[in-house]
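Examination of the molecular architecture
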Amino acid sequence: MEPEQFDDLNAGFVQELFAQYLASPEAVDPEWRALFESGSATLVESQPLVRRLLELYPHALDGGNGAPAAAPAPAAAPPGELLGAVAAGMSLVKAHRTHGHLAARLDPLGSEPIGDPALDPDRLEPRLTPELQQQIPARVLRLHVPGETLADALPQLRETYCGTIAYEIEHISSHEQRVWLRNAIESNRYRQPLSREEQVTLLTRLSEVEGFERYLRRAFLGQKQFSIEGLDVMVPMLDEAFELAAADGAREVVLGMAHRGRLNVLAHVVGRPYDTILREFEGERVLEAVGSDPEGGTGDVKYHHGAGGVRKTSSGDVQVTLTSNPSHLEYVDPVVEGQTRALQTDHESAADTHDPSSALAVLIHGDAAFPGQGIVAETLNLQALVGYTTGGTLHVIANNQVGFTTDPEEGRSTRYSSDIAKGYDTPIVHVNADDAEAAVAAIRLAMAFRARFRHDVVVDLVGYRRFGHNEGDEPSYTQPLMYRTIESHPSVREQYARRLVERGVVAEEETEELVASSQAAMREAHDALKATFGSGGSAGRERRIGRGADTQVETAVEGERLPALNEELLAVPEGFKVHPKLLKTLERRRETLGEEGGIDWAQAEGLAFASLLTDGTPIRLTGQDTERGTFSHRHLVLHDHESGETWTPIEHLREAVAPFQVYNSPLSEMAALGFEYGYSVSCPRALVLWEAQFGDFVNSAQVIVDQFIVSGLSKWGQSSRLTLLLPHGYEGNGPEHSSARLERFMQLAAQENIRVVNCSTAAQYFHVLRRQALHAKARPLVLLTPKGLLRLQGATSRLDELAGGSFQPIIDDPTLDEEAKRQADRLVLCSGKVYYDIVGHEAFKDVEGVAVARLEQLYPFPVGVYDELLSRYPSVSEVIWAQEEPQNMGAWRATRHRLEEGLPAEVELRYVGRPWRASPSEGYPTAHALEQDRIARECLGAY
Ligand SMILES: Cc1ncc(C[n+]2csc(CCOP(=O)(O)OP(=O)(O)O)c2C)c(N)n1
């Protein structure tokens with residue numbers, strides 16, 4: 001019942017009931033009790049209404065039935081005043097829950113919290129004097145902190161909400177979650193005192209963390225280590241999180257983080273041996289990498305490398321993966337999510353099942369990067385989407401209150417670094433990094449919330465940065481006051497040691513020994529490592545990037561399988577009503593298997609997918625509007641025309657032995673692509689495809705392309721068979737819907753890091769998809785896909801072209817016989833849709849001596865097949881490279897040397913295409929048509 005409805009009721013009656021409720025909540029009918037209790041928050045907001053009730057019935061509570069005589073009042077306040085006081089008390093409770101964080105002691109460096117007047121009982125109306133507070137029963141306020149009256153409870157409430165932990169939970173739209181959180185927070189369920197053993201373990205861990213950093217700093221003066229100091233407690237927090245994740249059923253944890261504290265996390269959380277880390281400081285790995293091996297990977301700096309390790313927990317072993325990441329802050333976030341999702345998914349059966357408890361994603365963010373980088377918001381937006389959820393990510397903001405040299409006031413428009421997460425219904429726990437036990441408690445609450453609601457949660461760990469941004473920086477140039485404070489500020493280890501000594505848990509000398517032994521462990525590992533120097537080295541060599549001729553991949557699918565699969569792809573349950581217009585289109589997919597052919601792109605794609613699923617390749621396809629297809633061609637997911645129910649035939653193949661996932665993605669490129677990259681890395685045998693709405697939009701994900709997809713192999717030895725479907729082609733739709741920026745991928749292609757394909761028939765598409773899934777060597781594939789060609793009759797194929805044959809890197813001119821080829825004077829080579837513009841031109845039929853071939857695989861350039869092609873054309877005097885992109889774009893500049901290399905000296909190589917342009921294409925359809933016409937005529941020599 002809404003509070004507004006009070007007006008419609010007999011207010012006197014309500015008031016009487018309320019008085020009864022105050023005296024003894026159980027005495028009131030449950031329905032009314034529920035009303036008062038649910039109204040407790042709204043009552044606070046509607047104090048004027050309570051006041052109005054009192055104005056209307058000033059004496060209603062004076063004596064008689066239901067007078068609040070049972071209130072434990074030392075000197076009972078007049079009932080009217082008490083009612084107002086209860087409302088004010090509720091206000092106070094609500095203020096603590098909502099704004100308590102403003103008064104919390106979160107800053108280890110001691111800055112004063114700003115506080116909030118709503119937290120002050122003296123500033124409420126009526127003023128909540130201690131006497132009044134004593135008359136307000138705590139349970140009426142629905143408090144979970146201990147105490148009989150508000151007077152008893154208020155200090156606890158303050159300590160709970162305004163101590164070294166603070167909470168932001170009241171923005172959450174789920175009532176259930178808010179109630180759960182209030183209860184968990186106020187009852188201190190996750191903030192119980194640590195046992196002696198736990199306290200000693202915590203101190204030991206802090207000693208190891210500090211010892212590690214100190215040793216490195218002394219041994220490798222000035223080398224970058226991006227010390228964790230000031231946020232040391234992050235390591236025991238992660239320990240706790242992994243322990244709790246394991247207890248919740250996790251067998252995998254995927255961790256993403258930037259430079260800050262990474263080495264410490266590698267050593268202590270992932271379990272990378274000290275000597276491996278020390279070796280990198282000694283420069284060993286670098287020397288080997290640079291060596292004499294031209295095909296070696298480039299490697300990466302030590303604080304970008306990923307690593308894996310097995311952690312023992314009391315609930316069993318957990319595989320921990322720290323994901324490799326580039327310098328670009330936060331871009332690893334969606335990658336981690338994709339990896340985690342892949343690990344949570346069962347790829348061994350056709351049913352697409354996903355168990356969020358089986359793997360945990362943990363993201364550690366910088367306090368400047370979290371609000372500053374848009375990829376964070378894109379990633380947060382994935383959390384509850386059915387195709388993307390990982391059952392809640394644990395976010396920890398490693399908040400050292402500075403970003404390089406930038407102060408928070410310069411770096412964000414919000415009070416907290418974490419504020420953006422509030423928009424995603426995420427609870428936020430702020431904690432002072434100098435209170436080690438509180439930090440562990442924050443993790444306990446966060447992990448319990450994740451386990452209960454499978455939802456993201458943020459822990460904002462507020463600490464400081466003991467040194468400069470890196471070890472070469474002098475921080476007091478830019479933050480002089482802060483660093484004056486930090487200079488004399490004891491470490492969290494020192495503070496906790498003192499606390500434990502005071503509590504009598506450990507002796508002073510023991511705390512010293514803990515530090516000494518952690519330093520000794522480092523020294524021992526270092527000495528042992530040094531002893532190996534000059535002995536030929538025990539370290540393994542850097543990886544070589546595997547190269548060599550493409551192995552042949554069998555992609556044909558024998559006779560009967562495709563028609564059978566085709567039938568299944570058209571099957572819907574009894575009574576399911578496909579849209580009548582669509583039904584006609586789909587039914588044509590039966591006829592196309594006949595002699596006449598006509599298998600188009602979408603049908604070829606469906607058959608490629610279906611055949612792979614029945615052979616055991618898991619498939620995941622995502623992108624904006626991908627279920628239907630931007631160009632309304634795919635229709636993998638059907639919608640009942642009357643009920644709106646959906647049916648996805650490809651998910652129901654009788655003989656499928658691997659799952660198929662298809663999801664419309666959110667309107668994101670960066671996070672959406674990063675997610676799929678991560679998925680493909682963690683499940684390398686799956687065919688993972690991401691489709692851009694138009695190819696142009698892939699540059700919204702440029703960092704993922706540059707920093708992960710094309711260079712991950714070279715930097716980190718990380719391979720993937722991720723496939724990018726990028727609609728590309730000049731069809732007069734203007735500068736933005738024409739180009740997938742092929743030139744970018746061509747520029748980024750080297751050392752066989754990726755494959756770039758622009759195929760021109762449905763059968764080629766079928767074979768290249770299957771090749772991509774089945775190829776022994778996993779590499780990302782950039783596949784330019786068509787728009788107009790999706791339905792062009794000339795680009796369709798016959799069943800026998802799918803059932804036989806394989807992907808052709810070059811398609812020779814199909815209109816000429818061998819003799820005509822021998823006689824040809826000019827060979828035009830092009831790629832993709834422009835082929836149809838050239839051979840479809842009105843002048844084509846009258847042209848003689850011109851052959852038109854298609855380069856279907858742009859990278860790796862098919863050197864041998866190109867040589868064979870040229871050998872069939874001994875008479876050509878010129879070879880034309882034709883493209884519809886401008887000369888500074890498309891494949892020309894990255895392919896030219898390959899084309900020239902194969903040509904005899906007397907044969908000229910000529911460019912035909914758009915001239916150098918700042919923008920990919922004309923804005924006006926007429927101008928476009930003129931350009932296409934010119935390109936075709938120039939190729940054909942028909943002016
Ligand atoms: C996308 C991106 N832009 C700029 C940088 C350069 N950079 C490296 S660290 C840093 C400051 C990061 O501050 P914060 O997120 O608070 O993390 P901290 O270093 O303080 O732990 C900047 C700007 C970067 N690495 N990535």
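Owing to the predicted nature of the structure, the values given are computational and were not obtained by experimental measurement.

1. Focus: the overall build of the protein
Along the backbone of the protein there are 34 helices and 24 strands. Counting over 943 residues, the protein shows a buried share of 59%.

2. With respect to the layout of surface pockets
There is about 750 Å³ of room inside the largest pocket. Around the largest pocket, the lining comprises 30 residues; the ones closest to its centre are Asp-107, Ser-111, Gln-401, Pro-408 and Arg-412. Looking at the lining of the largest pocket, the elements with two or more residues in it are α16 (408-411), β10 (457-462) and α18 (480-487). With 4 residues, α18 is the single largest residue contributor to the lining of the largest pocket. In terms of residue class, the lining of the largest pocket is made up of 12 nonpolar, 11 polar and 7 charged.

3. Considerations on the sheet that holds strand β23 (residues 878-886)
On the basis of which strands lie adjacent, the open sheet formed by 5 strands has the order β19-β21-β20-β23-β24 and mixed pairing. The open sheet is flanked by β19 (810-811) and β24 (908-914), the only strands paired with a single partner. Against the sheet, helix α33 (residues 892-901) engages β20 (826-830), β21 (850-855), β23 and β24, with an angle of about 160 degrees to β24.

4. Re the site of the ligand
Lining the immediate environment of the ligand, one finds 15 residues, of which His-259, Arg-260, Ser-327, Asp-367 and Ala-369 sit closest. A distance of 2.8 Å is found between an oxygen atom of the ligand and a side-chain nitrogen or oxygen belonging to Asp-367. Protein burial of the ligand: of its 580 Å² of free accessible surface, 76% is covered by the chains. Taken together, the residues that form the shell around the ligand break down as 5 nonpolar, 8 polar and 2 charged.

5. Examining the pairing of strand β11 (residues 619-623)
Most of β11 is tucked away: 5 of the 5 residues are buried. With burial as the criterion, each face of β11 is covered, one bearing Ile-619, Leu-621 and Gly-623 and the other bearing Arg-620 and Thr-622. Pairing of β11 with strand β14 (residues 660-664) involves 5 bridges; the strand directions are parallel. Within β14, the position partnered with Arg-620 by the bridge is Gln-661.

6. Quick word on the pattern of salt bridges
Summed over the entire model, instances satisfying the criterion amount to 47 salt bridges. A salt bridge links Asp-239 to Arg-205; its shortest N-O distance comes to 2.6 Å. Placement of Asp-239 in helix α9 (residues 234-247) and of Arg-205 in helix α8 (residues 196-219) is noted, with a sequence separation of 34 residues between them. Judged by its relative accessible area of 15%, Arg-205 falls in the buried class. Put simply, Glu-938 and Arg-934 hold a salt bridge, and the shortest N to O gap is 2.8 Å. Of this pair, Glu-938 and Arg-934 both sit in helix α34 (residues 925-940), separated by 4 residues, roughly a single helical turn. One connected set of salt bridges, linked through shared partners, spans Arg-205, Glu-208, Asp-239 and Arg-311.

7. Details of the nonpolar core
With 108 residues, the main nonpolar core has Leu-394 and Leu-461 as its most contacted residues. Top element by residues in this core is helix α17 (residues 436-453). It accounts for 13 residues. Among residues more than four places away in sequence, those in contact with Leu-394 are Ala-241, Leu-360, Ala-361, Val-362, Leu-363, Ile-443, Ala-446, Met-447, Val-457 and Val-459. Tyr-331, Val-710, Ala-851 and Phe-861 belong to the second-largest nonpolar core, a separate cluster that totals 69 residues.

8. With respect to the sheet that holds strand β7 (residues 359-366)
One open sheet holds the 8 strands; their spatial order is β1-β9-β10-β8-β7-β2-β4-β3, and the pairing between them is mixed. Edge positions in the sheet fall to β1 (165-168) and β3 (307-313), since each of these pairs with one other strand and no more. Each strand of the sheet is rotated relative to its neighbour by a mean of 20 degrees, with strand direction disregarded. Taken together, the 6 bridges between β7 and strand β8 (residues 393-399) define a ladder with parallel strand orientation. Bridge pairing links Gly-366 to Ala-398 in β8.

9. Topic: the confidence of the model for the protein
Counting all residues, the mean pLDDT for the protein is 91, and 90% of those residues have values of 70 or more. Overall, residues 56-74 carries pLDDT values under 50, and its contacts beyond four positions in sequence, including any with other chains, amount to 29 contacts.

10. Thoughts on the state of the cysteines
For the structure shown, the criterion picks out 0 disulfides. Cysteine Cys-830 shares no disulfide, and the gap to the nearest cysteine sulfur, in Cys-939, comes to 7.1 Å.

11. So, the packing of aromatic side chains
For the structure shown, the criterion picks out 18 aromatic pairs. When the centroid spacing of 5.4 Å and the interplanar angle of 80 degrees are considered together, the rings of Phe-631 and Phe-694 count as edge-to-face. A residue pair is termed long-range when its members are at least 10 positions apart, and Phe-631 in the loop between β11 and β12 (638-639) and Phe-694 in the loop between β15 (687-691) and α25 (702-709) qualify at 63 residues. Clustering of aromatic rings is evident, with ring pairs tying together Trp-180, Tyr-190, Phe-449 and Phe-453. Arg-620 extends its terminal NZ or CZ atom over the ring of Tyr-388, reaching a point 5.3 Å from the ring centre. Taking NZ or CZ as reference, Arg-854 lies 3.7 Å from the ring centre of Tyr-835, over its face.

12. Let's talk about a negative patch on the surface
Taken together, Glu-494, Glu-508, Glu-509, Glu-510, Glu-512 and Glu-513 make up a surface patch of like negative charges. No other element matches the 5 residues that helix α20 (residues 508-532) contributes to the negative patch. If you trace the backbone, Glu-512 turns up in helix α20.

13. Some words on empty space enclosed by the protein
Per the stated rule, a full pass over the model turns up 11 cavities of 30 Å³ or more. Put simply, the largest cavity is a space of about 160 Å³. Lining of the largest cavity is provided by 15 residues; of these, Leu-569, Arg-589, Arg-634, His-635 and Leu-636 occupy positions nearest its centre. Among the secondary structure elements, those contributing two or more residues to the lining of the largest cavity are α21 (561-570), α22 (580-591) and α23 (601-615). With 4 residues, α23 is the largest single contributor of residues to the lining of the largest cavity. Here the lining of the largest cavity is built from residues that sort into 8 nonpolar, 4 polar and 3 charged.

14. Thoughts on the packing of α21 against α22
At a minimum axis separation of 10 Å, α21 and α22 run at an interaxial angle of 170 degrees. With respect to α22, the axis of α21 lies roughly antiparallel. In this structure, α21 uses Asn-566, Glu-567 and Leu-570 to contact α22, whose residues at the interface are Leu-586, Arg-589 and Arg-590. Split into classes, the residues belonging to the contact of α21 with α22 amount to 2 nonpolar, 1 polar and 3 charged.

15. Brief notes about α33
All of the buried residues in α33 are Trp-892, Thr-895 and Leu-899. For α33, the buried positions fall inside an angular range of 75 degrees around the axis, keeping them on one side. Across α33 from its buried face, at more than 90 degrees, point the exposed residues Arg-893 and Glu-901. Of the surrounding elements, those touching the buried residues of α33 are α27 (742-748), β20, β21, α32 (863-871), β23 and β24.

16. Side note on the packing of α8 against α20
Packing of α8 against α20 brings their axes to within 8 Å, and their N-to-C directions diverge by 45 degrees. If you check the angle between α8 and α20, you find them oblique. Taken as a pair, α8 and α20 cross one another with a handedness that is right-handed. Taken together, the residues of α20 that come into contact with α8 (itself represented by Leu-203, Thr-204, Ser-207, Glu-208, Gly-211, Phe-212, Arg-214, Tyr-215, Leu-216, Arg-218 and Ala-219) are Thr-511, Leu-514, Val-515, Ser-518, Gln-519, Met-522, Arg-523 and His-526. Its residues assigned to classes, the contact of α8 with α20 comprises 8 nonpolar, 7 polar and 4 charged.

17. Considerations on the environment of Gly-623
Among the secondary structure elements, Gly-623 is positioned in strand β11. Residue classification places Gly-623 among the buried positions, given a relative accessible area of 0%.

18. Quick word on α18
Among the residues making up α18, those that are buried are Met-482, Tyr-483 and Ile-486. All buried residues of α18 project into a common sector of 90 degrees when viewed along the axis, lining one side. Seen from the buried face of α18, the exposed residues on the opposite side, beyond 90 degrees, are Leu-481, Arg-484 and Glu-487.

Quick notes on the rules
- Residues numbered from 1 in each chain as written.
- Predicted model: local features only at pLDDT ≥ 70, side-chain atom pairs only at ≥ 80, totals over all residues.
- Heavy atoms only, no water.
- Helix = DSSP H or I, 4+ residues; strand = E, 2+ residues; numbered from the N terminus.
- Buried < 20%, exposed > 50% of the residue type's maximum accessible area, 1.4 Å probe, protein only.
- 1 Å grid on protein atoms, 1.4 Å probe; cavity = no way out; pocket = protein on both sides within 12 Å on 5 of 7 lines; lining within 4 Å.
- Points joined across faces, edges and corners; volume = space filled by probe spheres on them.
- Nonpolar A, V, L, I, M, F, W, Y, C, P; charged D, E, K, R; others polar.
- Pairing = 2+ DSSP bridges.
- Contact = heavy atoms within 4.5 Å.
- Axes fitted to C-alpha atoms, helices over the stretch in contact; angles between N-to-C directions.
- Near = heavy atom within 4 Å.
- Polar contact = N/O pair within 3.5 Å; in protein donor to acceptor, adjacent residues only side chain to side chain.
- Areas by Shrake-Rupley, 256 points an atom, 1.4 Å probe, with all protein chains shown as cover.
- Salt bridge = Lys/Arg side-chain N within 4 Å of Asp/Glu carboxyl O.
- Core = buried A, V, L, I, M, F, W, Y, C linked by side-chain atoms within 4.5 Å.
- pLDDT = per-residue confidence, 0-100.
- Disulfide = S-S within 2.5 Å.
- Phe/Tyr/Trp six-rings, centres within 6.5 Å; stacked < 30°, edge-to-face > 60°.
- Lys NZ or Arg CZ within 6 Å of the ring centre and 35° of its normal.
- Patch = residues over 30% accessible without salt bridge, like charges linked within 9 Å, V, L, I, M, F, W, Y side chains within 5 Å.
- Lys, Arg positive; Asp, Glu negative; His and termini not counted.
- Charge placed at Lys NZ, Arg CZ, Asp CG, Glu CD.
- Parallel < 35°, antiparallel > 145°, perpendicular 65-115°, else oblique.
- Arc of directions from axis to C-beta.
- Left-handed = near helix turned anticlockwise from the far one by under 90°.

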